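Geometric and topological summary
Given next are the chains, with one letter for each unit.
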Amino acid sequence: MKKPEILAPAGDMECLNSAVSFGADAVFLAGSEFGMRTASKNFDQAQLKQAVELAHKNNVKVYVTCNTLPRNSELLRLPDFLSYAQQCGVDAFIIADMGVLELAKKYAPKVDVHISTQAGIVNYASAKAFYNMGAKRVVLARELSLDEIAQIRANVPGDLEIECFVHGAMCVSFSGRCLISSYLTGRDANRGDCAQPCRWKYHLYEENRQGQFFPVEETDKGTYLYNSRDLCMIEHIPELVSAGISSFKIEGRAKSAYYVAVTTNAYRHAVSDYMQEGENYALKPWIKEELEKISHREYNTGFYFGKEPGQVTDNGGYIRKYDVVAVCEKGGAECEITQRNKFSRGEILDVLPPEGIPFNTSCLELRDMEGNLRESTPHPMERLVMKADRNIPEGSVIRRKRLDN
């Protein structure tokens, strides 16, 4: 068995640091243009260079998304962007458009090409065609089953890598190609600006009753007709490896650094355990529990087992059971922290360290940087000293379970 890559999202520098700290083998990110997530902060030229340097220093690869479907006017700016990315030392471009593929080969020939899920690859003939055009990797359409992925793996060259999503939000449209947002809001999903109308609550209007709407109800909250569940394959690591998947991709370039830390850490540990234990492998309960500590919609296994994933019809929101209250900047039993949400002395906190497994600790004492005792942390992003009953490693994320859970 070859150990699959853990590929984490990085919407900004904070997320990149989380991915690196919590064990990603590679990250995918975007420049200021040509990526499918304009809602993310993304990376300007100086930040892109800094991101590559930081990642490579930690033996982490950087894949840059060029997976929009650019219009003619946008193409004029693409050669300079591709050349600059190659100069920065990025490891690969993620590309959906055939014209962009040709431009990448011309202006950045030293950078590997990965074919985006936006290309909708669902068979080995298509995968081989992209391989013959110079692709090192294909990101398969999300709509494939494990059996179909295994068939593709068996019928393509051995050095063609296969990447698949294993966790995160799913799109109601085939491999993310959607016109609903453009039609309703003028924001083009195929150019990175989706307004996510698939998550909205919808009502029915009757032709002869203008201005009067009728709810289409599953519950008293209404119906969310297009609202996809979130993908979670943490309980199926052996099946994913057996199918021949080279890279496990975590969706979420618009998500927080905390989300990146938790998901990267969970899949890293699960994969490492499986590679060490083989047929004796069993998913450790704490790993599965970790993925319940981030904001998410109802989980399911997508299309991997041949069933359509279905929609969440009774709400459009997230399940949130934990809040991040601090990040440890300097470790120890008396550690320096930066506040993220209010918490108080005496509370039991949940610590996610960059290495090892999560643990609980008591907040015994709080002081500001001048040494004054504090009962709580009401000031956003304040630097404080916290005394705990255990050593807290530098870089740890400190959480608290919500009172309503």
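Residues numbered from 1 in each chain as written. Predicted model: local features only at pLDDT ≥ 70, side-chain atom pairs only at ≥ 80, totals over all residues. Heavy atoms only, no water.

Some thoughts on the packing of aromatic side chains
For the structure on display, the rule yields 1 aromatic pair. Ring centres of Tyr-274 and Tyr-281 lie 5.3 Å apart, and the angle between their planes is 80°; this geometry places the pair in the edge-to-face category. Each member of the pair, Tyr-274 together with Tyr-281, is buried. Note that Lys-249 overlies the ring of Phe-28, its terminal NZ or CZ placed 4.5 Å from the centroid. Stacked on the ring of Phe-359, the Lys or Arg Arg-390 has its end atom at 4.0 Å from the ring centre. (Phe/Tyr/Trp six-rings, centres within 6.5 Å; stacked < 30°, edge-to-face > 60°. Buried < 20%, exposed > 50% of the residue type's maximum accessible area, 1.4 Å probe, protein only. Lys NZ or Arg CZ within 6 Å of the ring centre and 35° of its normal.)

As for the nonpolar core
The biggest cluster of nonpolar side chains holds 89 residues, and the ones touching the most others in it are Leu-48, Phe-93, Ile-237, Tyr-267 and Tyr-304. Top element by residues in this core is helix 10 (residues 257-277). It accounts for 11 residues. Dropping the residues within four chain positions of it, Ile-237 is found in contact with Phe-248, Tyr-267, Ala-270, Val-271, Tyr-274 and Tyr-281. Core analysis: the second largest hydrophobic core is formed by 16 residues, Val-325, Leu-384, Met-386 and Ala-388 among them. (Core = buried A, V, L, I, M, F, W, Y, C linked by side-chain atoms within 4.5 Å. Helix = DSSP H or I, 4+ residues; strand = E, 2+ residues; numbered from the N terminus. Contact = heavy atoms within 4.5 Å.)

Quick look at the environment of Arg-229
The residue Arg-229 is located in the loop between strand 9 (213-215) and strand 10 (230-232) in this model. Between the C-alpha atoms of Arg-229 and His-296, which are 67 residues apart in sequence, the distance is 8.7 Å. Within the local environment of Arg-229, its side chain forms a polar contact with the side chain of Glu-298, the two groups lying 3.2 Å apart. (Polar contact = N/O pair within 3.5 Å; in protein donor to acceptor, adjacent residues only side chain to side chain.)

Looking at the packing of helix 4 (residues 78-88) against helix 5 (residues 98-107)
Interaxial distance between helix 4 and helix 5 falls to 9 Å at its minimum, and their mutual angle equals 50°. On the basis of their axis angle, the class for helix 4 and helix 5 is oblique. Read as a crossing pair, helix 4 and helix 5 show a hand that is right-handed. Where helix 4 approaches helix 5, its residues Leu-78, Pro-79, Leu-82, Ser-83 and Gln-86 are matched on the opposing element by Val-100, Leu-103, Ala-104 and Tyr-107. When the residues that make up the contact of helix 4 with helix 5 are grouped by side-chain class, the tally is 7 nonpolar, 2 polar and no charged. (Axes fitted to C-alpha atoms, helices over the stretch in contact; angles between N-to-C directions. Parallel < 35°, antiparallel > 145°, perpendicular 65-115°, else oblique. Left-handed = near helix turned anticlockwise from the far one by under 90°. Nonpolar A, V, L, I, M, F, W, Y, C, P; charged D, E, K, R; others polar.)

Regarding the pairing of strand 11 (residues 247-250)
Along strand 11, one buried face is formed by Ser-247 and Lys-249 and the opposite face, lined by Phe-248 and Ile-250, is buried too. In the sheet, strand 1 (residues 5-9) pairs with strand 11 via 3 bridges, with the strands oriented parallel. The residue bridging Ile-6 from the neighbouring strand is Phe-248, located in strand 11. Where strand 7 (residues 161-169) lies against strand 11, 4 bridges are found, and the strand directions are parallel. (Pairing = 2+ DSSP bridges.)

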